[in-house]
Amino acid sequence: MTSVRGKIPTHTSKLKESEMKKVGKGTAVLLAATFLLASCSNSSENSNAVKELNNQPTAAATEASATPSSPEKPAILATPSPQATAIKDKASPTEFPLLYHMNKNYDIIPNEAGANKKIILLTFDDGPKEAAMINPLMDILDKHHAKAIFFVNGYRVKAHPELLELIHSRGGIIGNHSWDHIVLKDQPYAKVKQQLEDVQKIVKKVIGEAPHFFRPPHGAGGDVGKKVAAENGLLYMTWSVGSLDWEMKEKETGKTDKLIKNVSSQLHSGSNILMHELPWTVEGLETLLTTLEGKGYSFVDPRSIELKVR
């Protein structure tokens with residue numbers, strides 16, 4: 001009988017081999033798991049490091065944080081230069097870009113090359129007169145989205161400051177037309193100075209700001225009128241298209257047709273149109289503005305005109 005002491009039975013040997021394989025696999029799995037955990041840890045650390053690096057502000061980001069787009073710092077608005085904006089209106093405190101200038105012929109010219117030249121400046125002299133004319137006149141301007149300069153006389157403003165307030169409150173731009181509506185070119189410097197500056201003072205007292213535009217009565221300011229206007233920062237102007245409404249009579253017929261004919265016969269790009277606070281001008285204004293728009297013209301906001309001639 002053969003002793004079994006020195007021999008491992010076959011089934012026992014196969015069993016141990018199987019167990020060893022299992023142990024080997026387990027060890028491999030354990031080692032792999034350990035390796036993966038170490039990798040994940042390193043990856044997490046690396047990821048956090050990348051995040052920290054990404055969170056560091058770059059030079060551009062630092063600059064951007066000081067711009068108005070940053071919610072942590074309020075926007076800082078640059079103070080506009082006198083040539084960047086035009087008149088600031090008390091009733092509508094908006095600064096208007098300077099889009100136009102006036103030439104020596106008193107026409108209005110766009111500043112930018114290629115801009116629309118078919119533009120018109122509307123002006124009304126010799127007011128303020130009556131609310132019964134001012135309100136319908138302003139209604140028509142509003143309907144056509146048009147602004148106009150109202151050149152006023154000091155003695156009229158003194159008599160009816162409420163009418164000046166009415167024009168201003170309704171969006172009219174106030175201009176200086178001297179105190180007494182006299183011919184200034186033959187007057188001494190002191191007289192002309194008084195005629196202009198007294199209007200500046202009373203207008204400022206009534207509406208809170210002095211005029212920026214000056215038109216001499218009868219278009220006759222002379223060199224002394226230009227000098228005093230310049231000393232007061234006023235843009236001196238006469239006109240380049242006269243409606244001749246001042247020559248019409250109350251009982252005259254066909255005044256609206258004559259008004260349109262007078263303007264149309266002289267009409268050109270940049271026309272600076274002279275009209276007056278007169279009943280027949282107010283009556284014909286709707287038709288006139290519609291006719292001008294039909295010819296392709298638009299209306300300039302006076303606050304967008306430079307206060308110098310060039």
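A brief structural summary. Counting from 1, residues in each chain are numbered in the order their sequence is written. Local features in a predicted model are, by the rule used here, given only for residues with pLDDT of at least 70; side-chain atom pairs are given and counted only at 80 or more, and totals for whole chains, interfaces and linings are based on all residues. Note that the side-chain values use all heavy atoms of the structure and ignore hydrogens as well as water.

Numbering goes from the N terminus for both helices and strands, where a helix is a DSSP run of H or I of at least four residues and a strand is a run of E of at least two. Multiplying 1.5 Å by the residue count of a helix minus one yields the expected span of that helix. With 16 residues, helix H9 (residues 279-294) ought to run about 22 Å at 1.5 Å a step, and its terminal C-alpha atoms sit 24 Å apart, in line with that. The largest bend along H9 measures about 45° and falls at Leu-285. The buried label goes to any residue with under 20% of its type's maximum accessible area, the exposed label to any with over 50%, and the partly exposed label to all in between, with areas taken from a 1.4 Å probe on protein chains only. Residues of H9 that are buried include every one of Trp-280, Thr-281, Val-282, Gly-284, Leu-285, Leu-288, Leu-289 and Leu-292, and no others. Packing partners of the buried residues in H9 comprise strand E5 (119-127), helix H3 (131-143), helix H8 (255-266), strand E11 (271-276) and strand E12 (298-299). Following H9 by one or two positions, Gly-296 has its phi on the positive side, about 90°. A residue's bend is given by the angle between axes fitted to the 7 residues ending at it and the 7 residues starting at it. Any two residues having at least one pair of non-hydrogen atoms within 4.5 Å are treated as being in contact.

What follows is about the pattern of salt bridges. Two side chains that carry opposite charge are able to pair once their charged atoms sit near each other. Whenever Lys or Arg places a side-chain nitrogen within 4 Å of a carboxyl oxygen from Asp or Glu, that contact is recorded as a salt bridge. If you walk through the whole model with that rule in mind, you get 10 salt bridges. The partner of Lys-227 in a salt bridge is Glu-231, with the nearest N and O atoms 3.3 Å apart. Of this pair, Lys-227 and Glu-231 both sit in helix H7 (residues 222-231), four residues apart, which is roughly one turn of the helix. A relative accessible area of 46% means that Lys-227 is categorised as partly exposed. With relative accessibility at 40%, the residue Glu-231 sits in the partly exposed group. One salt-bridge network, in which partners are shared between bridges, spans Asp-139, Asp-142 and Arg-170.

Moving on to the environment of Gly-254. Mapped onto the secondary structure, Gly-254 falls in the loop between strand E10 (241-242) and H8. Between the C-alpha atom of Gly-254 and that of Trp-280, which follows or precedes it by 26 residues, the distance is 9.7 Å.

A few words now on H8. The end-to-end C-alpha separation of H8 is 17 Å, in line with the 16 Å expected for 12 residues at 1.5 Å each. All of the buried residues along H8 are Lys-255, Leu-259, Ile-260, Asn-262 and Val-263. Seen along its axis, H8 keeps its buried residues to an arc of 160°; they face one direction. Structural note: H8 exposes Asp-257, Lys-261 and Ser-265 on the side pointing more than 90 degrees away from its buried face. For H8, the elements touching its buried residues are E10, E11 and H9. Throughout, the arc means that of the directions going from the helix axis to the C-beta atoms.

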